[in-house]
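Results of the structural survey
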Amino acid sequence: MTRLVSLFLALNASAPAATDARDGAQNDSTPVPRNEPLVRWTFDGEQPGELKGKASLQPVGPQKPVYPAFPTGNPALVIDGKDGHLRLTEAGLPGTNLRFGNGDAITLEVWVNAEQLGNGSYVYLVGKGRNKNKAFSAENQNWALRLKGEGGEARPCFLFRSRAADGKENYHRWVAKEGFSPGSGWHHVAVTYQFGQPKSMASWVDGKKSAGGTWDMAGETMEPPVSDADDVLLGTGNGGGAGNTLHGALDEVAIYRELLPEVILAQRYQFSPPPPPVDAKKLPRGKVLVQVCEDGVPAKNAWPAFPPQPTETYEEDVFGIFEVPQKYVDTGIRGDRPNPYLLRAAALVTLPAGKHRLLVRGRNATHLHVDGRLLVDIGFAKADSGGHGRVAEQDKYLDLGPDFRFAPPGSQEKWVELESTGGEHLFVLEQMVGGVVGSSKKRPETGEMVVAVSLQGTETWSLLSPGERRVDYTDAGWAAYEQERRTWLTVFNTERRAKVRSQHDVYWTKRRAAAAEWLAATSEVPVPAPVAGLPAHNVVDHFLNAKMAKVSAQVAAARKDGVHFYSEVLPILEQNCFSCHQGGKAKGDLSLDSLGAALKGGESDGPAVTPGHPEKSSLLARVTSEDEDYIMPPKGSPLTKDQVAVLDRWIREGAHWPELDVDRIEVTPLAGDLAFLRRVTLDTVGVAPTLAEIEAFEKDKSADKRARVIDRLLADPRWADRWMGYWQDVLAENPNILNPTLNNTGPFRWYLHEALTDDRPMDLFVTELLRMGGSERFGGPAGFATASGNDVPMAAKGTIVSTAFLGVEMKCARCHDAPAHVSTQQDLFELAALLETKALGVPATSSVPMDKLHEGGRKPLIQITLQPGSKVEPKWPFERFVGAGIGERLAENPKNSRDVLAALISAPQNERFAQVIANRLWQQFMGRGIVEPVEDWERGKPTHPELLAWLGREFVRGGYSLKNLSRIVLNSHAYQRATDPALKSPSPLFAAPAPRRLAAEQIVDALFAAAGKAMKTEEVSLDIDGRRDLKNSISLGIPQRAWMFASTSNERDRPSLSLPRIQAVCDVLEAFGWRPARQDPASSRATDPNALQPAILGNGTVAVWLTRLSDDHGVTELVLRDQSVEQLVDQLFLRLLTRLPTAQERELYVGHLLEGYELRRVEQRPGVQGPRYPAKYVSWSNHLDAEANALRIEEEAAARRGDPPSPRLDPAWRTRMEDVLWAVLNAPEWVFAP
Amino acid sequence: MSLFNLFIPFPVPNLIPMKRRRFLQTAAAAPLAASGLRASDIVAMPKGRAEHCIFIWLGGGMAHMDTFDPKVQGDPKGSPKKAGSAYPGIDTAVPGVQVCEHLPKTARLMEHVTAVRTVNHNIINEHAIATNFVHTGRQISGNTTYPSIGSIVAHQRGAVNPNVPAYMLIGYPSPSRGPGFLGAKHGNIYLTDTVSGPAGFTRPADVTAPRVSARAQLLAPLQERVARDSLMADYEAAQREALRLAGPDFMRNFKLEQEAPDLRNAYGSEFGQRCLLARRLIQDGVRFIEVSHNLGFVNGTGWDTHNDGQEKQHLLIKDLDDALATLIADLKKHGLLDKTLIAVGTEFGRPPEFDGGGGRGHQCSTFSMILAGGGLKHCGAYGVTDDVAKKIVENPVSVPDFHATVHAALGINPSLELMDGTRPVPLTDGGKPIAALFG
């Protein structure tokens, strides 16, 4: 459709009244020069030019109240994005010269609403020439203002064609560095340029001059522009089409023959954002409605032009937010919200009449609207300073009262006065959470997002509350509030993810049915009959007892004075032979890991061992040979004479090789109640029982009290905390709080914790982990996929998955085929390709050069069967466990190789998986696996294969629940038996438990819990003010339990990057085997004692905290109670050691504490309060400042000093009590399960 | 199995009675195999006689052309900036070898020093991963956590004196300085400053001598109830050892005030005091000590001299000069220099060009690490770089080569293998000692 609008002189085109209205909106205190355009289109009267194609005038231009300079109903030129435009010929505007030559200045300005603009595309707003007009050359761009899509923005772009005196032509294109977000409403865009002077180029968006731009085509030029009689087009150019045409609308298009002054351009844009869309009538009474708005928020540091609609809502009691409920995706795993998103909190709050103070805080840009008026406007947070900020910036701070809570690090704040006539006000608080600067994204943290109020006549502050709840906005008030809300959030999050997960119930119900079918179709493991004289609680005991009866017969048969196989022969075999002649793939087909295999012998030598005949045993021939090509072992020193003599005698005596290494079988009785309670509590929730728990257990006289305690503990949320360290190790969770490059993963700890909290079935767990979905940086399984600095991450993950879930060790296969393992490099890369979901190349770094292989003389032990550069297709390499076909039949998405792999691993038909998990659990509870090592079944054989098979089936029957399986093991007599202190390791018959060294996390958690002292460490982050890119810095929060720590990552060795309190706890954890970095998976930790362990518990910084009777120490409360000193000592023992003191201990401690006991309490005088000031902090943003170093060194000294002692206790008596506490905390029994 | 083998690898038969006091029991004559070592394909290597190693760490990346590899001077302030050294070079005791003018004291002792000027690797962007590489000599793999050189030396040779730790660190603990697959018992005992001493062995200030004995008495019944010859008894024995270590025998090493004031002054700053402490610990039989020198407050950025970190870099260099030269002279005076290898490491060097702020970026293609003492045949400088120290002209030295040189100097054959579980891992990744420094 073509419509003739008008032919009119520009001078008359804009009515003076309208111009005045617009100019009137400008700053009226500054005289503004009037500048007349050559032509201006306002579209609200008769206009020059003709509409062509799908272009129309509609009343959708910028208008009140959002754009206050324009009247309601302001029409604009709407372009549909294909070919619509307005065309102005020179004849259409006689007397106006729109041609420009060298030395001429030009200003082009428009209001534009660009609804869409893809990255890399250029659309015309206004231009002359290059219209594919046959009368002119095709490239005659006189001048043009366009928009370029770049970095998600629409950026002003100026284009013209130069034509030199010699006729040479070139395009010159300039693109501004800054623009606006497409789809965010009306914006004012202008460019100014003087032809022939390339440095004169400038652009404005919304009144803000761009920080610059780039001449990115043919560079700058002094040559004149093409200047001809071609038409001026609005909305398209270059022949039209979707690629050149604006999708949106134009208004107020003007062309000047001058450089419009900055003072004018800076003031053109008048914008008054609309109030947030909150319907006061629908607000919940007495509550704060919180709205999360994920859509319609620009990915940059700018408020959306129009208030976005909520995508989810929930309620709070008061205006105090520190964390938003998690977003759950897929089966209920953590996902990321768009970054940034907008968070809105709204409520109707009744205030008394008066002038009240309001305080607003938030991490990023924050608005507070009161009754529709923008009252507080906090700008966008500062960009990353690269570490060059100053600590002295904190010298200035807000202090608004005697118990005013100072702003925590990374807060922005403003306060205002609000005069109320009394009554109800609508408060709407909004924050832009997260943020984008260039390609850098900030962590989506709210900071302390609050509105606090101090009513007229008061000095105190409280969080603004629409209802009854009052929260003092003081340090103590906030701490209590935060704790309460965190508890609520945990519950709320659990409900939220259950809801999301339930959407997948149909599939998982099918999986359960498939498991039940398999159970029904396969035969049960026969349970042995009870053995007379051996105690049993459940089926587990029947299996164990049957084996005990069998092996005790063998032990009785062995010669008492003969060579002892396990202590004398096996060590020789282990050290010299097993690296090649043990396990699934033995060299020369000779396996030496059982008598049967040794009797059979290998491919070339005949029997390795012939009982009674050393001369017919090739084992002896080989180890005594002097032939370089024949002697064993092939590398290293030959066996000593003594070692050969042992082998010789052993064979001569009949090569007695008992099934299990047991000398004596002594079944201990059930452990006492308190020992049992301590053990089972440590094993299930990771800390010792409290006094209340002890009391309740002792009072319970029912016959099944132990089973009931087990049920209680299995239902305890701390169960997840107990198991975290184990799975972090097994799955190599390895986040780094700073610039991750050391084979770091994302912090999928949060996923693990939630999976354990939910007792998510392990088949679902495997599926989620292998899908690697959800959030990478904030705790989804996607974090498992990451392996920073690793050239084949999925090969690394393959070795984790195979050890964790299948007991197959493949780490050698990363670079070559190992001598003693079945798996080849091909197998590992097939597994890795399944995880990669496509074929995977083998880089040269994942191989061993052939020349290295042949450095020695003999045939190399390792082999390279997969050449670097090979492509390996996804394929299930473990047909020996289950056929590949089951994967696609069982997977939720058979097209996705990760899903298929997860199904293959966790299928009930794959009995290996259920048994590996059962074995892991068994090992954790019993101190020894049925198969050892638990991660490499090729190197060990099950001591109780039937029991293992039975446990595997029970695991499937119990819905793959770790808790259900745990219940079975914990209820067995075997688990509940008394420890045999003489044992150095548990009997392979499980006749009695050996003392079991607790895991580092159990020791630390139990110490803090029993002492009743909070860890109070720093936040596990080096970017506590949230200034850095989320790729480079994360926060792991303030640890409540030991699993929440991570390496302090101070490879930079800067005092300012130290975290002294965290380091103090990590020192204890590390001494007891915790790994600060988990570059590789580990299924067990060394537990042998060393001097550092008792040293760090005796004199380390944590020891100072735990033994200083500060005001917040649990034992301080205990000693202040009214009770006899004997009662105190008893309580102390129960609380810390879960036992009463012996008579000797009681006497000693009572004697030590008696003196001054009656006078231990000191009346507290009210203290004199000194001046208050906020503690200064160090973050990455200021860590290069010398003061930051000094501050950290002082923090380290403060950590070492510990908290001040409680003034409520007499110092001399307190010191004695602290020494008693020290002794009890350093009791060797502390680090062992009873 | 032994409970005291925190710092040494060798198992001790249970029969040895605990009569002598020991930091951690050792049996130096234990067979190779028992240490988890495989003497496979042992390649003939030079074998030095050094007994100790002091490994000085310049965190951030020392600018080699502003220190030990001076070239023609550049100009960071000119327009355009001119690439080159920041300071003029000066002659040293070794003819033809120059160092920068802020290393005058070390210059006079260069006959005991070799600046290895052609160290190189290819990790440039991130300090942590380069630091990891220079400490472990290997790229991360994702299947193994490799041990630091300190842990390897400790594992191989144990402590000289069984009553003290084998491996100590004066600096911040990090995975790069850790024991990796060798396990916690081959980790370091660390301290972050010379005043507060090592964690776990320094008694809190308010625990006075009477309290120490009261605590021992109060702990006694809890120790006594432990069954003999049990796992708990092993722990309890380790506990007695720990309490002994917190006593005067070992802790006297940290009393620097026992040294002559002139010597302490000569050592200089906190970093110098760390070097002095290192000498005392060496004297008491510590095998390997890493001493960190990254005192950011001297120039703002430590050795990571981007932008304005360059302006006061000379103060940092002088600080190093004071400490290093005094350490060399002091060890010599005590007859320890030939027995003690000083190695100065850093994660990478810095380019001759200046950045926008007049400082320097990172350069890994060529940089210097320093060796001194240790009975090596020193030559002032080894390896030749081009005229702006950007490229290697002669004798490149890889990080594994540098490690191999340190091991060989300490009498350790770098082609030996450690065992990560069942997997053999050579001490260095094919490193070859610098032959010119031996023999």
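Predicted, not measured: the structure shown is a model, and the values here were computed from it. (Residues numbered from 1 in each chain as written. Chains lettered and ligands numbered in written order. Predicted model: local features only at pLDDT ≥ 70, side-chain atom pairs only at ≥ 80, totals over all residues. Heavy atoms only, no water.)

1. A few points about the pattern of salt bridges
All names here are of chain A. Counted by the stated rule, this structure contains 118 salt bridges over all chains. Where Glu693 meets Arg712, a salt bridge forms, and the shortest distance between an N and an O atom there is 3.6 Å. In this pair, Glu693 sits in helix α12 (residues 691–699) while Arg712 sits in helix α13 (residues 705–714), placing the two residues 19 residues apart along the sequence. Of the charged contacts, one joins Asp700 and Arg708 as a salt bridge, the two residues approaching to 3.4 Å between their closest N and O atoms. (Salt bridge = Lys/Arg side-chain N within 4 Å of Asp/Glu carboxyl O. Helix = DSSP H or I, 4+ residues; strand = E, 2+ residues; numbered from the N terminus.)

2. Considerations on empty space enclosed by the protein
Residues and elements named next belong to chain A. Per the stated rule, a full pass over the model turns up 13 cavities of 30 Å³ or more. Taken as a whole, the second largest cavity spans an internal volume of roughly 110 Å³. Lining of the second largest cavity is provided by 14 residues; of these, Arg679, Phe925, Met926, Pro993 and Arg996 occupy positions nearest its centre. When contributions to the lining of the second largest cavity are tallied by element, the ones reaching two or more residues are α23 (911–926) and α26 (973–976). The residue makeup of the lining of the second largest cavity, split by class, is 10 nonpolar, 2 polar and 2 charged. (1 Å grid on protein atoms, 1.4 Å probe; cavity = no way out; pocket = protein on both sides within 12 Å on 5 of 7 lines; lining within 4 Å. Points joined across faces, edges and corners; volume = space filled by probe spheres on them. Nonpolar A, V, L, I, M, F, W, Y, C, P; charged D, E, K, R; others polar.)

3. A closer look at the interface of chain A and chain B
Taken together, the contacts link 89 residues of chain A with 84 residues of chain B. A combined buried area of about 7500 Å² lies between chain A and chain B, and 57% of that area is made up of carbon and sulfur atoms. The largest share of the area that chain A buries against chain B comes from Lys984, Glu1051 and Asp1053 of chain A, three residues that together contribute 10% of it. Remark: the boundary between chain A and chain B carries 13 salt bridges. One salt bridge connects Asp206 of chain B with Arg1108 of chain A, and the closest N-O pair in it is separated by 3.0 Å. Across the contact surface, chain A and chain B share 25 residue pairs in polar contact (both at pLDDT 80 or more). Elements with a minimum of two residues in the side of chain A that touches chain B: α18 (793–806), α28 (1060–1071), α29 (1092–1099), α30 (1101–1107), α32 (1125–1137), α33 (1143–1154), α34 (1186–1201) and α35 (1211–1225) of chain A. (Contact = heavy atoms within 4.5 Å. Buried area = accessible area lost by both parts, 1.4 Å probe. Polar contact = N/O pair within 3.5 Å; in protein donor to acceptor, adjacent residues only side chain to side chain.)

4. Quick look at the sheet that holds strand β25 (residues 366–370) of chain A
Residue and element names in this part refer to chain A. What the 6 strands build is an open sheet, ordered β19-β18-β23-β28-β25-β26; its pairing is antiparallel. With partners counted over all chains shown, the strands left at the sheet margins are β19 (312–316) and β26 (373–378), one partner each. On average, each strand axis in the sheet is tilted by 20° relative to the strand beside it, whichever way the strands run. Sheet analysis places strand β23 (residues 341–351) next to strand β28 (residues 423–433), joined by 11 bridges and oriented antiparallel. Its bridge partner lying in β28, Ala345 is registered against Leu429. (Pairing = 2+ DSSP bridges. Axes fitted to C-alpha atoms, helices over the stretch in contact; angles between N-to-C directions.)

5. Regarding the packing of α12 of chain A against α13 of chain A
Residue and element names in this part refer to chain A. Here α12 crosses α13 at 150°, and the two axes come no closer than 10 Å. Crossing of α12 over α13 shows right-handed handedness. Residue-level inspection shows Glu693, Phe697 and Glu698 of α12 in contact with α13, the latter providing Lys705, Arg706, Val709 and Arg712. Here the contact of α12 with α13 is built from residues that sort into 2 nonpolar, no polar and 5 charged. (Left-handed = near helix turned anticlockwise from the far one by under 90°.)

6. With respect to the packing of aromatic side chains
Enumeration over the complete set of coordinates arrives at 57 aromatic pairs over all chains. Connected via pairs of aromatic rings, a cluster forms that spans Trp719, Trp723, Tyr726, Trp727, Tyr751, Phe765, Phe805, Phe913, Phe925, Phe955, Tyr960 and Tyr975 of chain A. A cation over an aromatic ring shows up here: Arg678 of chain A above the ring of Trp1230 of chain A, its NZ or CZ 4.9 Å from the ring centre. Over the ring of Tyr146 of chain B we find Arg138 of chain B, and its NZ or CZ is 5.2 Å from the ring centre. (Phe/Tyr/Trp six-rings, centres within 6.5 Å; stacked < 30°, edge-to-face > 60°. Lys NZ or Arg CZ within 6 Å of the ring centre and 35° of its normal.)

7. Considering the environment of Lys327 of chain A
All names here are of chain A. As for its position among the elements, Lys327 is in the loop between β20 (320–321) and β21 (328–329). Note: C-alpha distance between Lys327 and Arg337 (10 residues apart in sequence) is 6.9 Å. Once residues within four sequence positions are removed from consideration, Lys327 is found in contact with Glu294, Ile333, Arg334, Gly335, Asp336, Arg337 and Arg496. In this structure the side chain of Lys327 is engaged in a polar contact, spanning 3.0 Å, whose partner is the side chain of Glu294.

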